[in-house]
Amino acid sequence: MGDERTFSIQFKTTDDIKMPTRVVDQVIGQEEAVDVIKKAAIQRRNVMLIGEPGTGKSMLGIALSELLPLEKLMDILAFPNPKDENEPIIKTVPAGEGKKIVAQAKAKNMSSLNGGNSMLIFLGIIVAFFIASYIVSSFVSMQKNSVLAAADQISGTLFIIAMLIGFLLVIVMYRLSKTRLTVSAPKLLLDNSSLKKAPFIDATGAHEGALLGDVQHDPFQSGGLGTPPHERVMVGDIHKANGGVLFIDEIANLSQEMQIQLLTSMQEKKASITGRSERSAGAMVKTTLAPCDFVLVGAGNPNSVSNMSPALRSRIRGYGYEVYMNTTMPDTIENRDKIARFIAQEVRKDKKIPPFSKEAAEEIVSEARRKSDRKKSLTLKLRELGGIVRVAGDLAIENKHTIVTAEDVRKAKRYAKSFEQQIAAKYIKEKKDYDVIQVTGSRVGRVNGLAVIENSDSGMMLPIESIVTKSMRKGSGEIIATGKLGEIAQEAVKNVSAVIKLYSKKPLTDYDIHLQFLQAYSGVEGDSASISVAISILSALTGIPIKQSFAMTGSLSILGEVLPVGGVNSKIEAAINAGVKGIIIPSSNKDDIAIPIPRGIKVITADNIVDVVKNAMVPSYNRNKLISTINRALKKPYAKK
């Protein structure tokens with residue numbers, strides 16, 4: 001680091017970096033999505049954003065709401081229906097008028113209740129109190145016996161208190177009866193008086209009532225003592241988003257019924273509110289139509305899109321756009337400037353951490369390279385980068401730094417390890433203690449494969465072991481693989497078996513090859529262990545030992561070519577942490593390496609399986625013979641240039 005051309009913008013700390021005021025201009029690396037959002041805002045189109053978590057989907061939703069033309073915002077009120085109290089009447093008024101209408105109705109009801117009677121009632125209570133007190137005092141004064149006089153005084157006082165309580169109860173009941181006779185004030189369901197732009201409502205994870213509206217349960221609905229139905233009506237997020245944006249992340253997780261109801265509200269732009277619980281008193285209530293004219297921004301990951309209702313997805317595609325989010329952007333000086341601006345944005349949003357120095361920002365750029373897992377690229381999974389930014393800021397405060405330093409960021413990387421990375425580190429340590437993972441010596445049929453824990457960027461060492469036994473019946477040999485293999489991994493093993501048949505002089509149909517992914521409790525998926533499987537089986541068939549100080553990753557074609565794989569940086573980190581001395585990766589992944597390689601550790605690139613055999617197997621006559629056999633079988637001698 002320290003290259004003065006890492007950034008084109010000049011700054012000492014991220015406080016010096018100017019930040020755009022509009023949210024749409026703060027979105028990083030999603031130029032195509034931003035272009036779509038701008039079009040959608042002009043025409044009020046729905047948008048579906050598909051991509052990995054943390055790539056800026058919710059930010060694009062906020063940007064769309066900010067760009068929407070500001071239509072006349074409305075307040076929503078619920079009025080009692082004199083013809084059918086279980087069908088409250090929904091009315092809309094210009095924003096800010098709702099409060100006035102409710103206040104006026106309440107004032108009118110209060111005046112009708114009080115109506116000049118309050119002073120008379122108060123005077124009546126005082127007069128009654130004095131009359132009762134006079135009667136009691138006269139009665140007590142007539143008693144000659146002091147004990148009886150005291151008793152009469154007590155009983156008289158209790159009588160006065162009881163009379164006053166009874167009198168007050170009569171007044172309260174009278175007022176309640178008057179209240180029921182007066183017209184109830186409307187309920188202000190939605191107050192938009194404070195909004196200055198189109199609303200943005202994040203309905204991610206909302207249950208049915210919160211999304212579509214609901215009517216509260218009233219346990220005292222009988223006998224006329226309950227809360228009027230219109231007072232129990234609650235608007236949903238679809239109504240709150242009227243005139244603005246309704247954002248739903250992981251939209252495919254909504255039940256099919258909710259997706260259809262959402263579709264209906266999108267089409268009609270109006271929806272009644274009813275009780276969502278069948279056992280609730282609110283189930284009998286259904287309002288007139290309430291406005292819900294919103295722009296839907298749905299989001300999800302590629303795997304979940306198939307769970308969406310075809311009708312809802314068709315509506316979005318037919319009346320809007322689908323956008324696949326970028327996960328990386330080219331590692332150019334302009335894009336590194338964007339990473340620096342992202343750091344500045346995160347610091348200002350957090351409001352609790354100090355600014356970053358230029359050197360600290362360069363460390364974040366380095367991490368963006370590593371996480372991209374692609375040559376000459378920077379990651380756009382900015383939420384993960386944001387986590388490191390905040391941890392580094394916390395460490396700076398702990399160390400009483402006024403500026404976050406590069407060392408703070410380096411320490412933050414260690415503190416910000418994911419759950420999977422912590423598990424992988426613990427796994428490697430424990431398995432080394434019990435010799436499940438070996439990084440010294442040589443073994444026949446045993447190889448250190450490398451893998452990435454599913455749904456993470458954490459690498460792990462994956463020991464693989466093979467043995468060859470005579471089949472019980474001649475010609476019935478097979479490859480038996482254990483270790484909780486996924487579908488793609490099983491297919492990879494089958495492909496490797498086809499390749500092995502070309503390389504081995506033994507009639508494989510007479511042998512059973514047992515292949516085990518040692519203690520792969522979390523399962524194995526993908527084909528990046530193909531070369532590890534091939535080398536393990538070849539070693540078991542020929543008796544040639546494999547260097548345990550080596551680890552490897554790579555996909556293998558049926559022609560013996562080593563093909564690129566994902567997660568190279570994470571796998572190399574896992575191998576380094578395990579203590580190996582050599583790491584074999586596909587040649588096409590060479591430029592993907594974005595982490596420093598410690599002294600004493602070699603990263604060897606392989607174009608084909610011969611390169612793997614040469615480096616991973618212990619030199620011997622049999623090894624050279626195997627290389628010749630492979631070359632003859634493929635009729636194309638591989639020679640590393």
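Residues numbered from 1 in each chain as written. Predicted model: local features only at pLDDT ≥ 70, side-chain atom pairs only at ≥ 80, totals over all residues. Heavy atoms only, no water.

Each helix and strand counted, the chain has 19 helices and 25 strands in total. Looking at the 641 residues of the chain, the share that counts as buried comes to 47%. In the chain, the share of contacts with a sequence separation of at least 24, taken over all contacts with a separation of at least 6, comes to 75%. (Helix = DSSP H or I, 4+ residues; strand = E, 2+ residues; numbered from the N terminus. Buried < 20%, exposed > 50% of the residue type's maximum accessible area, 1.4 Å probe, protein only. Contact = heavy atoms within 4.5 Å.)

Let's shift gears to helix 11 (residues 358-372). Here helix 11 spans 21 Å end to end across 15 residues, near enough to the 21 Å set by a 1.5 Å rise per residue. Summarising burial for helix 11: 13 of the 15 residues are buried, a large majority. Where helix 11 terminates, the next one or two residues include Asp-373, which has phi positive at roughly 60°. (Expected span 1.5 Å × (residues − 1).)

It is worth spelling out the packing of aromatic side chains at this point. Tallied over the full model, the rule gives two aromatic pairs. Centroid distance Phe-7 to Phe-11: 5.3 Å. Interplanar angle 55°. Geometry classified as tilted. Neither Phe-7 nor Phe-11 differs from the other in exposure class; each is buried. Above the ring of Phe-79, the side-chain terminus of Lys-91 is found at 4.8 Å from the ring centroid. One Lys or Arg, Arg-315, reaches over the ring of Tyr-319 and ends 4.1 Å from the middle of that ring. (Phe/Tyr/Trp six-rings, centres within 6.5 Å; stacked < 30°, edge-to-face > 60°. Lys NZ or Arg CZ within 6 Å of the ring centre and 35° of its normal.)

A word on the sheet that holds strand 4 (residues 187-190). The strand order across the open sheet formed by three strands is 3-2-4, and the pairing between neighbours is antiparallel. Since the sheet does not close on itself, it has two edges, and those belong to strand 3 (89-94) and strand 4, each with one partner. Going from strand to strand, the sheet's axes swing by 35° on average, the running direction of each strand aside. (Pairing = 2+ DSSP bridges. Axes fitted to C-alpha atoms, helices over the stretch in contact; angles between N-to-C directions.)

Scored by pLDDT, the chain has a mean of 84; 79% of the residues are at 70 or more. Here helix 4 (residues 117-141) stands out as the element of the chain with the lowest mean pLDDT, 63, in contrast to helix 7 (residues 237-240), whose mean of 97 is the highest. (pLDDT = per-residue confidence, 0-100.)

Strands sit in the order 5-8-11-1-12 across an open sheet of five strands; the sheet is parallel. Strand pairing shows two members of the sheet lacking a second neighbour, strand 5 (200-202) and strand 12 (320-324), which therefore form its edges. Averaged over all adjacent pairs, the angle separating strand axes in this sheet is 15°, with direction ignored. Two strands pair when backbone bridges link them, and strand 1 (residues 46-50) and strand 11 (residues 295-300) are joined in this way by four bridges, in the parallel orientation. Bridging across to strand 11, Val-47 finds its partner in Val-297. Across the sheet, helix 1 (residues 31-43) is in contact with strand 1 and strand 12; its angle to strand 12 comes to roughly 165°.

The next point concerns the pattern of salt bridges. Within the structure shown, the criterion is met by 25 salt bridges. When the shortest N-O distance is used, the salt bridge between Glu-97 and Lys-100 registers 3.6 Å. Linking Glu-97 with Lys-100, this pair stays in helix 3 (residues 97-114), spanning three residues, or about one helical turn. Judged by relative accessible area, which is 31%, Glu-97 ranks as partly exposed. One continuous salt-bridge network, built from bridges that share partners, spans Glu-363, Glu-367, Arg-370, Lys-371, Glu-384, Glu-407, Arg-410, Lys-413 and Glu-573. (Salt bridge = Lys/Arg side-chain N within 4 Å of Asp/Glu carboxyl O.)

The next thing to look at is the environment of Tyr-415. As for its placement among the helices and strands, Tyr-415 is situated in helix 13 (residues 406-415). Separated by 23 residues in the primary sequence, Tyr-415 and Ala-392 have C-alpha atoms spaced 8.9 Å apart.

Attention now moves to unusual backbone geometry. Keep in mind that most residues, glycine aside, have a negative phi and that most peptide bonds are trans. One non-glycine residue, Lys-269, lies in positive phi territory at about 65°. Summarising the element assignment, Lys-269 is placed in the loop between helix 8 (256-268) and strand 9 (270-271). Under the relative-accessibility criterion, Lys-269 is labelled partly exposed at 39%. Although it is not a glycine, Lys-351 adopts a positive phi angle of roughly 65°.

Of all six residues in strand 11, six are buried, a share of seventy percent or more. Residues Val-295, Val-297 and Ala-299 of strand 11 are buried on one face, and the alternating residues Leu-296, Gly-298 and Gly-300, pointing to the opposite face, are buried as well. Sheet analysis places strand 8 (residues 245-248) next to strand 11, joined by four bridges and oriented parallel. Among the inter-strand pairings, Leu-246 is bridged to a residue of strand 11, identified as Leu-296.

In this section: helix 17 (residues 568-578). In terms of burial, helix 17 is a largely internal element, nine of the 11 residues being buried. When we look at burial in helix 17, the residues that qualify are Val-568, Asn-569, Ser-570, Lys-571, Ile-572, Ala-574, Ala-575, Ile-576 and Ala-578. At the exit of helix 17 stands Gly-579, carrying a positive phi of roughly 95°.

The residue Asp-191 is located in the loop between strand 4 and strand 5 in this model. Asp-191 gets classed as partly exposed once you look at its relative accessible area, which sits at 30%. Residues Asp-191 and Pro-94 lie 97 residues apart in sequence; the distance between their C-alpha atoms is 9.8 Å. For Asp-191, the residues in contact, after removing those within four places along its chain, are Asp-75 and Lys-99.

Note that Ser-466 resides in strand 17 (residues 459-470). Within the structure, the side chain of Ser-466 is placed 2.6 Å from the side chain of Ser-536, a separation counted as a polar contact. Among all residues touching Ser-466, those that are not within four sequence positions of it are Gly-445, His-514, Leu-515, Ser-536, Ile-537 and Ala-540. (Polar contact = N/O pair within 3.5 Å; in protein donor to acceptor, adjacent residues only side chain to side chain.)

Before going further, it helps to examine the nonpolar core. One finds Ile-535, Met-552, Ile-584, Ile-609, Val-612, Val-613 and Met-617 to be the most contacted residues of the largest nonpolar core, which totals 36 residues. Looking at this core, the elements with two or more residues in it are strand 16 (446-452), strand 17, strand 19 (511-517), helix 16 (530-542), strand 21 (550-552), strand 25 (602-606), helix 18 (609-616) and helix 19 (621-634). Broken down by element, the residue count for this core peaks at seven residues, all from helix 16. Within the second largest apolar cluster, 30 residues are counted, among which are Phe-11, Ile-339, Ala-396 and Ala-412. (Core = buried A, V, L, I, M, F, W, Y, C linked by side-chain atoms within 4.5 Å.)

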